[in-house]
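A closer look at the structure
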Amino acid sequence: MKSLISVIFALSIVAAMCDSALAACGPNQHVPACRPCAVTCADRDKICTTVCTPNSNCYCKNGYLKKGNRCVPISQC
């Protein structure tokens, strides 16, 4: 019973850490599991590999890239 309580406690801590990371992201941002290849408007034509680099930082959502300090739709790059 103690081990079950410990597991539940550990899972709740991990969930709380994930929620706080998501809350820290700005508009049109999220925390993807893998670091995206194209991050800014300047590297939108970059050739990407399919290798997943684990990530815990905020990046622009799909369809958005960083321009200055904002995530803008790719069409505005």
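Residues numbered from 1 in each chain as written. Predicted model: local features only at pLDDT ≥ 70, side-chain atom pairs only at ≥ 80, totals over all residues. Heavy atoms only, no water.

As annotated in an unreviewed UniProt entry, the protein chain is TIL domain-containing protein from Acanthoscelides obtectus.

**Side note on the state of the cysteines**
To be explicit about the condition: In this description, a disulfide is simply a cysteine sulfur pair whose atoms lie within 2.5 Å. Secondary structure counts use DSSP, requiring at least four H or I residues in a row for a helix and at least two E residues in a row for a strand, with both numbered from the N terminus. Throughout, exposure labels follow a simple rule: accessible area from a 1.4 Å probe, protein chains only, divided by the maximum for the residue type, with under 20% read as buried, over 50% as exposed, and the rest as partly exposed.
Under the definition given, this model contains five disulfides. Cysteine 37 shares a disulfide with cysteine 48; S-S distance 1.9 Å. Looking along the S-S bond of the cysteine 37-cysteine 48 disulfide, the torsion reads about -90 degrees, which is the left-handed sense. Residue cysteine 37 is located in the loop between strand S1 (29–30) and strand S2 (59–60), and its partner cysteine 48 is located in the loop between S1 and S2; the two are separated by eleven residues in the primary sequence. The class for cysteine 37 is partly exposed, based on a relative accessible area of 24%. Judged by relative accessible area, cysteine 48 falls into the partly exposed class, the value being 39%. If you count the bonded cysteines of the protein chain from the N-terminus, they pair up as 1-7, 2-6, 3-5, 4-10, 8-9.

**Remarks on the environment of alanine 24**
As for its placement among the helices and strands, alanine 24 is situated in the loop between helix H1 (2–23) and S1. When its relative accessible area of 64% is taken as the criterion, alanine 24 is described as exposed. Each C-alpha atom, one on alanine 24 and one on cysteine 58, is 7.9 Å from the other, the two residues being 34 residues apart in sequence.

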